[in-house]
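Each chain, written out:
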Amino acid sequence: MSDQAGTTVDRTAETTAIFTSHGVLDAATTVLASRTVGVEAEANPIVRELLAVGELPAAFAMVAVVGLCCGAWPIAADAVEAPSWIGFGIATIGATVAAVNLVVVFA
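Right, let's walk through the structure included here. (Residues numbered from 1 in each chain as written. Predicted model: local features only at pLDDT ≥ 70, side-chain atom pairs only at ≥ 80, totals over all residues. Heavy atoms only, no water.)

Here we look at the overall build of the protein
1) Next: Looking only at helices and strands, one finds 4 helices and 0 strands in the protein.
2) Next: Sequence-ordered secondary structure for the protein, helices as α and strands as β, is α-α-α-α.
3) Next: Counting the 107 residues in the protein, one finds 31% classified as buried.
4) Next: Pairs at least 24 residues apart make up 71% of the contacts formed inside the protein by residues separated by at least 6 positions.
5) Next: A total accessible area of about 6,400 Å² is found for the protein, and carbon and sulfur atoms account for 71% of it. (Helix = DSSP H or I, 4+ residues; strand = E, 2+ residues; numbered from the N terminus. Buried < 20%, exposed > 50% of the residue type's maximum accessible area, 1.4 Å probe, protein only. Contact = heavy atoms within 4.5 Å. Areas by Shrake-Rupley, 256 points an atom, 1.4 Å probe, with all protein chains shown as cover.)

Put into C-alpha coordinates, the structure is as follows:
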(Lines give C-alpha, C1' and ligand atoms only; values in the text may rest on other atoms or scores of the structure.)
Protein backbone atom coordinates (compact mmCIF):
# COMPACT_ATOMS: atom_id res chain seq x y z
CA MET A 1 0.00 0.00 0.00
CA SER A 2 1.11 3.56 -0.56
CA ASP A 3 0.42 6.38 1.83
CA GLN A 4 -0.65 9.87 0.76
CA ALA A 5 2.93 10.78 -0.08
CA GLY A 6 3.16 7.77 -2.40
CA THR A 7 5.61 5.80 -0.26
CA THR A 8 5.07 2.13 0.49
CA VAL A 9 3.66 1.32 3.94
CA ASP A 10 5.39 -1.57 5.71
CA ARG A 11 2.87 -3.51 7.79
CA THR A 12 5.47 -5.53 9.71
CA ALA A 13 5.16 -3.51 12.92
CA GLU A 14 1.37 -3.65 12.87
CA THR A 15 1.36 -7.39 12.22
CA THR A 16 3.90 -8.02 14.97
CA ALA A 17 1.91 -5.94 17.45
CA ILE A 18 -1.33 -7.76 16.60
CA PHE A 19 0.33 -11.17 16.89
CA THR A 20 2.01 -10.31 20.17
CA SER A 21 -1.10 -8.90 21.84
CA HIS A 22 -3.86 -11.11 20.46
CA GLY A 23 -1.74 -14.25 20.14
CA VAL A 24 1.01 -14.56 22.70
CA LEU A 25 -0.20 -12.22 25.46
CA ASP A 26 -3.86 -13.24 25.24
CA ALA A 27 -3.07 -16.96 25.18
CA ALA A 28 -0.68 -16.73 28.13
CA THR A 29 -2.96 -14.58 30.26
CA THR A 30 -6.03 -16.66 29.37
CA VAL A 31 -4.28 -19.79 30.64
CA LEU A 32 -3.25 -17.95 33.82
CA ALA A 33 -6.77 -16.64 34.37
CA SER A 34 -8.28 -20.10 33.85
CA ARG A 35 -5.90 -21.47 36.47
CA THR A 36 -7.06 -18.78 38.88
CA VAL A 37 -10.84 -18.79 38.40
CA GLY A 38 -11.47 -21.98 36.46
CA VAL A 39 -12.18 -22.85 32.85
CA GLU A 40 -15.92 -22.23 33.24
CA ALA A 41 -15.28 -18.49 33.71
CA GLU A 42 -13.95 -18.12 30.14
CA ALA A 43 -16.42 -16.03 28.14
CA ASN A 44 -15.50 -17.42 24.71
CA PRO A 45 -17.16 -20.84 24.34
CA ILE A 46 -14.58 -22.06 21.82
CA VAL A 47 -11.65 -21.13 24.06
CA ARG A 48 -13.51 -22.59 27.04
CA GLU A 49 -13.78 -25.95 25.25
CA LEU A 50 -10.13 -25.78 24.22
CA LEU A 51 -9.11 -25.09 27.81
CA ALA A 52 -11.15 -28.10 28.90
CA VAL A 53 -8.98 -30.21 26.56
CA GLY A 54 -5.81 -28.75 28.03
CA GLU A 55 -3.83 -25.57 28.49
CA LEU A 56 -1.19 -26.36 25.88
CA PRO A 57 -3.65 -27.25 23.09
CA ALA A 58 -5.68 -24.14 23.92
CA ALA A 59 -2.66 -21.83 23.84
CA PHE A 60 -1.37 -23.46 20.66
CA ALA A 61 -4.74 -23.11 18.92
CA MET A 62 -5.10 -19.48 19.97
CA VAL A 63 -1.62 -18.56 18.74
CA ALA A 64 -2.09 -20.55 15.51
CA VAL A 65 -5.39 -18.86 14.63
CA VAL A 66 -3.99 -15.41 15.34
CA GLY A 67 -0.92 -16.31 13.30
CA LEU A 68 -3.11 -17.20 10.31
CA CYS A 69 -5.02 -13.95 10.67
CA CYS A 70 -1.78 -12.00 10.92
CA GLY A 71 -0.61 -13.65 7.73
CA ALA A 72 -3.67 -12.22 6.00
CA TRP A 73 -3.52 -8.82 7.71
CA PRO A 74 -1.10 -7.04 5.33
CA ILE A 75 -3.04 -8.16 2.26
CA ALA A 76 -6.43 -7.31 3.72
CA ALA A 77 -5.30 -3.97 5.14
CA ASP A 78 -3.70 -3.00 1.85
CA ALA A 79 -6.81 -4.06 -0.09
CA VAL A 80 -8.96 -1.59 1.80
CA GLU A 81 -6.14 0.94 2.18
CA ALA A 82 -6.45 0.90 5.96
CA PRO A 83 -4.19 3.39 7.72
CA SER A 84 -1.60 1.87 10.03
CA TRP A 85 -3.36 3.21 13.12
CA ILE A 86 -6.10 0.63 12.49
CA GLY A 87 -3.61 -2.21 12.95
CA PHE A 88 -2.19 -0.63 16.06
CA GLY A 89 -5.74 -0.07 17.33
CA ILE A 90 -6.44 -3.79 16.91
CA ALA A 91 -3.23 -4.54 18.81
CA THR A 92 -4.31 -2.17 21.58
CA ILE A 93 -7.57 -4.08 21.94
CA GLY A 94 -5.58 -7.29 22.33
CA ALA A 95 -3.35 -5.70 24.95
CA THR A 96 -6.45 -4.51 26.81
CA VAL A 97 -7.89 -8.04 26.80
CA ALA A 98 -4.60 -9.37 28.19
CA ALA A 99 -4.62 -6.65 30.86
CA VAL A 100 -8.15 -7.62 31.91
CA ASN A 101 -7.01 -11.24 32.14
CA LEU A 102 -4.22 -10.12 34.46
CA VAL A 103 -6.72 -8.24 36.61
CA VAL A 104 -8.60 -11.53 36.97
CA VAL A 105 -5.36 -13.30 37.92
CA PHE A 106 -4.27 -10.77 40.54
CA ALA A 107 -7.67 -9.70 41.91
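Thoughts on the pattern of salt bridges
1) Next: Inspection of every chain in the model, using the stated rule, returns 3 salt bridges.
2) Next: Of the charged contacts in the structure, one is a salt bridge between Asp78 and Arg11, with a shortest N-O distance of 2.8 Å. Taken as a pair, Asp78 in helix α3 (residues 55-79) and Arg11 in the segment before α1 (12-37) lie far apart in primary sequence, 67 residues in all.
3) Next: The residue Glu55 makes a salt bridge to Arg35 at a minimum N-O spacing of 2.7 Å. Pair noted here: Glu55 is in helix α3 and Arg35 is in helix α1, with a separation of 20 residues, a long-range link.
4) Next: Residue classification places Glu55 among the partly exposed residues on the basis of a relative accessible area of 30%.
5) Next: It is possible to trace a salt-bridge network through shared partners that takes in Arg11, Glu14 and Asp78. (Salt bridge = Lys/Arg side-chain N within 4 Å of Asp/Glu carboxyl O.)

Comments concerning the state of the cysteines
1) Next: Inspection of the entire model under this criterion finds 0 disulfides.
2) Next: Of all cysteine sulfurs, the one in Cys70 lies closest to Cys69, which takes part in no disulfide; the gap is 7.0 Å.
3) Next: Using a relative accessible area of 7% as the deciding quantity, one classes Cys70 as buried. (Disulfide = S-S within 2.5 Å.)

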